[in-house]
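Breakdown of the fold
This is what each chain is made of:
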Amino acid sequence: MNEHDNIIRRQPKHMYPKKRVLCLVSNASLLHGISVGFFAEEMTRPFFDFIQAGYDVDLCSPKGGEVKFDAHSDPENPDGAYPNDLISIGFRHHNILGKLLQNSKTIEEIDINNYDAVCVAGGGAPLLTFKDDEKLHKLIADFYEAGKITCLICHGTSLLLWVKLSNGKLLADGKTWTGFADSEEDIINKMFGMTVNDYTIETEARKNPNTKFEVAGPLEPFAVRDGRLITAQQQHSSFLASQLVIEALSE
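Reading the values: the criteria
- Numbering of residues starts from 1 in each chain and follows the order in which that chain's sequence is written.
- Residues qualify for local features only when their pLDDT is at least 70, as the model is predicted, and side-chain atom pairs are given and counted only at 80 or more; totals for whole chains, interfaces and linings, by contrast, use all residues.
- Each side-chain value is derived from all of the structure's non-hydrogen atoms; neither hydrogens nor water enter the calculation.
- A run of H or I in DSSP counts as a helix once it spans at least four residues, and a run of E counts as a strand once it spans at least two, with each numbered from the N terminus.
- Throughout, a residue-residue contact means that at least one pair of heavy atoms, one from each residue, lies within 4.5 Å.
- Areas reported here follow the Shrake-Rupley algorithm with a probe of radius 1.4 Å; residue values treat only the protein chains shown as occluding.
- Positive charges come from Lys and Arg alone, negative charges from Asp and Glu alone, with His and the N- and C-terminal ends not counted.
- Where a charge sits is defined by one atom per residue type, namely NZ (Lys), CZ (Arg), CG (Asp) or CD (Glu).
- Confidence of the prediction at every residue is given by pLDDT, a number between 0 and 100.
- The criterion for strand pairing is that DSSP finds at least two bridges linking the strands in question.
- Angles shown run from 0 to 180 degrees and are taken between the N-to-C directions of axes, each axis being a line fitted to C-alpha atoms and, for helices, limited to the stretch in contact.
- Each reported salt bridge corresponds to a side-chain nitrogen of Lys or Arg within 4 Å of a carboxyl oxygen of Asp or Glu.
- Per-residue accessibility, obtained with a 1.4 Å probe over protein chains only, is compared with the maximum for each type, and a residue is labelled buried under 20%, exposed over 50%, and partly exposed between these values.
- In what follows, roughly perpendicular refers to angles from 65 to 115 degrees, roughly parallel to angles under 35, roughly antiparallel to angles over 145, and oblique to any angle outside these ranges.
- Just so you know the grouping, Ala, Val, Leu, Ile, Met, Phe, Trp, Tyr, Cys and Pro go in nonpolar, Asp, Glu, Lys and Arg go in charged, and all remaining residues, Gly too, go in polar.

A short note on the overall build of the chain
Summing up its helical and strand segments, the chain has 8 helices and 11 strands in all. In the chain, once contacts between residues fewer than 6 apart in sequence are set aside, the share between residues at least 24 apart is 72%. Counting only carbon and sulfur atoms, one obtains 50% of the accessible surface of the chain, whose full area is about 12,500 Å². The distance from the centre of the 25 positive side-chain charges to the centre of the 35 negative ones in the chain is 5 Å.

Next up, the structure:
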């Protein structure tokens, strides 16, 4: 073998067309008496990837104002599970970005015409706060019907159980997508010694005969793009979601 056969070269793109992306997270809620918010990495990693691509990125939540990391995903929580999430640590302590967590925009302030894509994080609160939020459902439907890239991660994909388009059909109808798996819910239930969520995305999605729900193995990175709709299974898939969004916006 020639010694030069071992040389590997890569030159990926680092300049992309200028775009603007909206990152959306849940406001905090109570789950079994415990305050929950959004999964840190599921917002901060895509946010980081988008600004690295040169995009302008905003942060919003349904009610606006302060938003919080789930304690489980908070890298600065000594009892948390992700102490090496350096991106989330950097986000919180950034002079400008950290302030967004204290004063996120409300969805009522959002003009979808100003954005090219929306990226929704999951976490402990979305199954509680997203389900009956008709204004949020309409915002996601409006993004999609306006031809915008619509990306949902982990429990953020629960929106596909409820969001209806202007024709009355579910956005998920005719789509292939993924989200937090029942096998992963089982892991969470064993970790906390209780049934954490009253319902699960996978079980509910499989009740819809007009959609195709897919998952990889528990905690394995997995994401799906079906046209303008991008979904990611859980936190380990956040980077795949942002890659797919950037690819889609580059077309």
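Examining the confidence of the model for the chain
When the pLDDT values of the chain are averaged, the result is 96; 98% of them are 70 or greater. Within the chain, the lowest mean pLDDT, 93, falls on strand E3 (residues 34–36), and the highest, 99, falls on strand E7 (residues 149–153).

Considerations on the sheet that holds E7
The strands making up a sheet associate through hydrogen bonds between their backbones, and the pairing can be parallel or antiparallel. The 7 strands are arranged E5-E4-E1-E6-E7-E11-E10 in an open sheet whose pairing can be described as mixed. At either margin of the open sheet sits one strand with a lone partner, and together these are strand E5 (105–106) and strand E10 (223–226). Strand direction decides the pairing type here: E10 and strand E11 (residues 229–232), joined by 4 bridges, are antiparallel. Paired with Asp226 across the strands is Leu229, a residue of E11. Those strands touched by helix H1 (residues 40–52) are strand E1 (20–24), strand E4 (56–61), strand E6 (117–120) and E7, and its axis lies near 160° from that of E4.

Section: the pattern of salt bridges
Two side chains that carry opposite charge are able to pair once their charged atoms sit near each other. For the coordinates displayed, the defined rule picks out 13 salt bridges. Here Lys105 and Asp58 are joined by a salt bridge, their closest N and O atoms 3.6 Å apart. Highlighted residues: Lys105 in strand E5 and Asp58 in strand E4, separated in sequence by 47 residues. For Lys105, a relative accessible area of 30% gives the class partly exposed. What makes Asp58 buried here is its relative accessible area of 14%. Linking Asp226 and Lys175 is a salt bridge whose minimum nitrogen-to-oxygen distance equals 3.9 Å. With Asp226 in strand E10 and Lys175 in the loop between E7 and strand E8 (176–177), this pair connects stretches of sequence that are 51 residues apart. You can call Lys175 buried: its relative accessible area is 14%. Salt bridges linked by common partners bring Arg20, Asp58 and Lys105 together as one network.

Focus on the pairing of E6
Here is the key point about a regular strand: its side chains alternate between the two faces of the sheet. Of the two faces of E6, the one holding Ala117 and Cys119 and the one holding Val118 and Val120 are both buried throughout. Note: E1 against E6, 4 bridges, orientation parallel. Bridge assignment links Val21 to a residue of E6, and that residue is Ala117. Pairing analysis gives 4 bridges linking E6 to E7, with the strands arranged parallel. If you follow Val118 over to E7, its bridge partner there is Thr150.

Here we look at the packing of H1 against helix H2 (residues 86–93)
H2 packs onto H1 with a crossing angle of 80° between their chain directions and a minimal axis gap of 9 Å. Accordingly, the angle class assigned to the pair H1 and H2 is roughly perpendicular. Every residue of H2 that contacts H1 at Ala40, Glu41, Met43, Thr44, Arg45, Phe47 and Phe48 is listed here: Ile87, Ser88 and Phe91. Residue classes in the contact of H1 with H2 are distributed as 6 nonpolar, 2 polar and 2 charged.

As for the pairing of E1
Among the 5 residues that make up E1, 4 are buried, leaving the element largely enclosed by the rest of the structure. One ladder, built from 5 bridges, connects E1 with E4; its direction is parallel. The residue of E4 that forms the bridge with Val21 is Val57.

Let's talk about unusual backbone geometry
Backbone geometry at His32 places phi at a positive 55°, although glycine is not the residue there. Among the secondary structure elements, His32 is positioned in the loop between strand E2 (29–31) and E3. The exposure class assigned to His32 is partly exposed, which follows from its relative accessible area of 43%. With a phi close to 65°, Leu219 is a non-glycine residue in the positive phi region. Tracing the backbone through its elements, the reader meets Leu219 in the loop between strand E9 (212–213) and E10.

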